[in-house]
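Chain by chain, the residues run as shown.
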Amino acid sequence: MWSDVEQKELEEILKKYPTKRSALLPALYLAQREKNWLDDDDILAVAEALEVPVTDVQAVIGFYTLFRREPTGKHMIHVCTDLPCALRGAEDFYARLTRRLGLPSEGGTTADGLFTLEAVPCLAACDKAPMCQIDLQYYENLTDEMIDTVLAQFRAEAQQESGA
Amino acid sequence: MANEYLKEHILLRHKDIPNIGDIDVYIADNGYVGLKKVLESMPPADVIETVKAAGLRGRGGAGFPTGVKWSFIPKGAKDVYIVVNADESEPGTFKDRELMEYNPHLVIEGAAIAAYAVGAHTIYIYGRGEFKGPFVTLQKAINQAYEKGILGENAMGTDYALDLHLHLGAGAYICGEETALLNSLEGYRGYPRSRPPFPAVEGLYAKPTVINNVETMANVPGIIRHGVEWYRRFGTERSPGTKVFCLSGHINRPGNYELPLGAPIRYLIEELGGGVPNGKKVKAVLPAGESSLMIPADKLDTPMDYESMAAIKSMLGSASFIVMDETVDIVWAAEKMIHFFKHESCGKCSPCREGTFWLSKVYQRIRSGQGSMDDIDLLTKIVDQMTGNTFCQLGEFATSPVKASLLHFRDEYEQYIQK
């Protein structure tokens, strides 16, 4: 399951810790990197590489929100709607975004599979709300027009890729 | 001038010198002079005594004296670890992210000095998985420090070895609690550990460990470079030094502001933050994020230091001031905060796991117009059962929104019920 590049990266990661188990979160990030979620083979590969029982790996995955067990859209959009952001209009911003993406109020994946939208807890950008992270990149002080421009760029990219 | 209380920035130095994240710029501004000084001329015990004398208190929230924390490491212990808590997840708090992103060498230098003081050769910075952006610049800074021989086998040309690794969490508020953080770093679920044993005796990999917040580390180089007397020129007798104050919510100029401890809340909100937008009035302020007891507008002349904030029955904590204007529905705000704590409860202990679950249910009932006066007593009852009975401090914090909103704005609950 590990590519040569990933195998090398994993070895580098392991050097940072006195125990293999400490590398569990970094190894899971590595296993998740290519397709954005973890399938059974990924979990098995991580468990074997770190000599950790499969059930332990699954228990850890279940505890942390940034690991996913289901396929997602190509790009993850996380909008913070916690209190400080909500005071600056983040809840309405999020609600409008769900409607423009044709999604229910709890978010989800767009029909074209390009975006997965979620409302998430604090991302430490309270002073720049409304804000979101797309694939972990911060976008701050957002208006509807700004986010539309950003999403249009992603759509154009995807079209170019499928055309190429 | 940074502001009326501070001639130039000490922690948010990048506001005066924008590219200080680059190692050459940092070095040109006296950077790594503190680390060089301790490695070449100070016995570790002297470093600890200096930080103790400076009176630096932990900036993560608890305000525990940093030098005292360092002195708990058993003398002559082997395999000591330094862990920098960069798991900044408290809603309203965004100071560590800025420090790591824009002034990373100050954090690295502080952590390196701390390592030398307690005899550690390995430092881990544990940060949020969401902090990919700040961590790119932080990792670049670490790489530069290795290239310049500041970190590595022979730190700054001495025979002291210093390694520093970044470690990413994966989305769990609880990992800001220091023993939960250690479990997470070891590759386990982030459940808090029972104490004793304290981390200074049995911490990471059951070895003596010091865990300090990012901003705490950022305070250390200045103390070593300029001395105790210089440091104590800022702040108050019992709360010395400067602090980064995060300002968010209903405010004209939100952001991070550095002030000496003891400056009044009003100065932060009205002068630096430019007051509340649209000429509205302040209704309440959360001084340390959602974990803190909100204070009403008549307390804005309180000095922002550990003692004064405790005296008005709240806390300074991480100094994350969330301003709510007169239009805010306090019951809505309390429900939002409870929703956060319910989502982030790690599930280890029942008072927090069940308590936040039931609080959330009662809030839904009240807010949907189905509540009764008994529900107000029920909220009080639930938080009373949680208080003092949760496994870690975070469960205790979950009661703050309920307690403080009922204390100051009980009438708003009654209005919901009588509607």
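About the criteria used
Residues numbered from 1 in each chain as written. Chains lettered and ligands numbered in written order. Predicted model: local features only at pLDDT ≥ 70, side-chain atom pairs only at ≥ 80, totals over all residues. Heavy atoms only, no water. Helix = DSSP H or I, 4+ residues; strand = E, 2+ residues; numbered from the N terminus. Rg over C-alpha atoms; globule rule 2.2 N^0.38 Å. Contact = heavy atoms within 4.5 Å. Domains from an automatic or database assignment. Buried area = accessible area lost by both parts, 1.4 Å probe. Salt bridge = Lys/Arg side-chain N within 4 Å of Asp/Glu carboxyl O. Polar contact = N/O pair within 3.5 Å; in protein donor to acceptor, adjacent residues only side chain to side chain. Nonpolar A, V, L, I, M, F, W, Y, C, P; charged D, E, K, R; others polar. Core = buried A, V, L, I, M, F, W, Y, C linked by side-chain atoms within 4.5 Å. Buried < 20%, exposed > 50% of the residue type's maximum accessible area, 1.4 Å probe, protein only. Pairing = 2+ DSSP bridges. Axes fitted to C-alpha atoms, helices over the stretch in contact; angles between N-to-C directions. Parallel < 35°, antiparallel > 145°, perpendicular 65-115°, else oblique. Left-handed = near helix turned anticlockwise from the far one by under 90°.

### Observations regarding the overall build of chain B
Moving on, step 1. Within chain B, the regular secondary structure consists of 17 helices and 9 strands.
Moving on, step 2. Against the globule reference of 22 Å for 419 residues, chain B gives a C-alpha radius of gyration of 22 Å, in line with a compact fold.
Moving on, step 3. Across its three principal axes, chain B shows a C-alpha extent of roughly 75 × 45 × 35 Å.
Moving on, step 4. Restricting the contact set of chain B to residue pairs at least 6 apart, pairs at least 24 apart contribute 70%.

### Quick notes on the domain arrangement of chain B
All names here are of chain B.
Moving on, step 1. For chain B, the domain assignment lists domain 1 (13–232), domain 2 (242–325) and domain 3 (330–418).
Moving on, step 2. Between the C-alpha centres of domain 1 and domain 2 there is a distance of 27 Å.
Moving on, step 3. Across the domain 1/domain 2 interface, buried area totals approximately 1,400 Å², and carbon plus sulfur atoms make up 48% of it.
Moving on, step 4. Summed over the three residues of domain 1 that lose the most area to domain 2, namely Arg57, Arg59 and Phe94, the buried surface amounts to 31% of that side.
Moving on, step 5. At the junction of domain 1 and domain 2, the tally comes to 2 salt bridges.
Moving on, step 6. Residues Glu215 and Lys243 are paired through a salt bridge, measuring 2.6 Å at the closest nitrogen-oxygen approach.
Moving on, step 7. On inspection of domain 1 and its partner domain 2, the count reaches 14 residue pairs in polar contact (both at pLDDT 80 or more).
Moving on, step 8. Residue assignment for the side of domain 1 that touches domain 2 shows that the elements contributing at least two residues are α5 (95–102) and α9 (214–226).
Moving on, step 9. The residue makeup of the side of domain 1 that touches domain 2, split by class, is 3 nonpolar, 7 polar and 7 charged.

### So, the interface of chain B and chain A
Moving on, step 1. Each partner contributes residues to the interface: chain B has 57 residues there, and chain A has 38 residues.
Moving on, step 2. Summed over both sides, the interface of chain B with chain A buries roughly 3,600 Å², with 60% coming from carbon and sulfur.
Moving on, step 3. The partner of Lys336 of chain B in a salt bridge is Glu91 of chain A, and the shortest N-O contact between them spans 2.6 Å.
Moving on, step 4. Counting across the interface, chain B meets chain A through 22 residue pairs in polar contact (both at pLDDT 80 or more).
Moving on, step 5. Considering each element in turn, the side of chain B that touches chain A owes the most residues, 7 residues, to helix α13 (residues 330–344) of chain B.
Moving on, step 6. Per-class residue counts for the side of chain B that touches chain A are 29 nonpolar, 17 polar and 11 charged.

### Side note on the nonpolar core
Moving on, step 1. Judged by nonpolar contacts, the single largest core of 78 residues is most densely connected at Tyr32, Leu35, Val38, Val47, Trp70 and Ile82 of chain B.
Moving on, step 2. Of all the elements, helix α6 (residues 104–118) of chain B adds the most residues to this core, at 11 residues.
Moving on, step 3. The contacts of Leu35 of chain B, once residues within four sequence positions are left out, are Glu109, Ala112, Ile113, Ile150 and Met156 of chain B.
Moving on, step 4. Membership of the second largest hydrophobic core comes to 66 residues, among which are Leu38, Ile43, Leu50 and Ile61 of chain A.

### Some thoughts on the pairing of strand β2 (residues 120–127) of chain B
Within a regular strand, side chains alternate between the sheet's two faces.
Residues and elements named next belong to chain B.
Moving on, step 1. Within β2, 7 of the 8 residues are buried, which leaves it mostly tucked inside the rest of the structure.
Moving on, step 2. Sheet analysis places strand β1 (residues 80–86) next to β2, joined by 7 bridges and oriented parallel. Residue Val80 lies in a different strand from β2, and its bridge partner there is Ala120.
Moving on, step 3. Bridge analysis of β2 against strand β3 (residues 163–168) gives 6 bridges, and the strand direction is parallel.

### Some details on the domain arrangement of chain A
Moving on, step 1. The assigned domain composition of chain A is domain 1 (4–63) and domain 2 (75–162).
Moving on, step 2. Each of domain 1 of chain A and domain 2 of chain A has a C-alpha centre, and the two are 29 Å apart.

### A look at unusual backbone geometry
Moving on, step 1. In this model, Arg195 of chain B is joined to Pro196 of chain B through a cis peptide bond whose omega is -5°.
Moving on, step 2. Topologically, Pro196 of chain B is positioned in the loop between α8 (178–185) and β4 (209–213).
Moving on, step 3. Of note, the amide linkage connecting Pro196 of chain B to Pro197 of chain B takes the cis form, showing an omega dihedral of 0°.
Moving on, step 4. Examined against the element boundaries, Pro197 of chain B turns out to sit in the loop between α8 and β4.
Moving on, step 5. Positive phi values are uncommon outside glycine, yet Asn141 of chain A reaches one of about 50°.
Moving on, step 6. Summarising the element assignment, Asn141 of chain A is placed in the loop between β5 (137–139) and α7 (144–163).
Moving on, step 7. Of note in the backbone geometry, Tyr205 of chain B takes a positive phi value of approximately 50° without being a glycine.
Moving on, step 8. Examined against the element boundaries, Tyr205 of chain B turns out to sit in the loop between α8 and β4.

### As for the packing of helix α2 (residues 33–41) of chain B against α6 of chain B
Residues and elements named next belong to chain B.
Moving on, step 1. Packing of α2 against α6 brings their axes to within 9 Å, and their N-to-C directions diverge by 15°. Relative to α6, α2 is oriented roughly parallel. The way α2 lies across α6 gives a crossing that is left-handed. Judged by residue contacts, Val33, Gly34, Leu35, Val38 and Leu39 of α2 engage Glu109, Ala112, Ile113 and Tyr116 from α6.
Moving on, step 2. Residues of the contact of α2 with α6, tallied by class, amount to 7 nonpolar, 1 polar and 1 charged.

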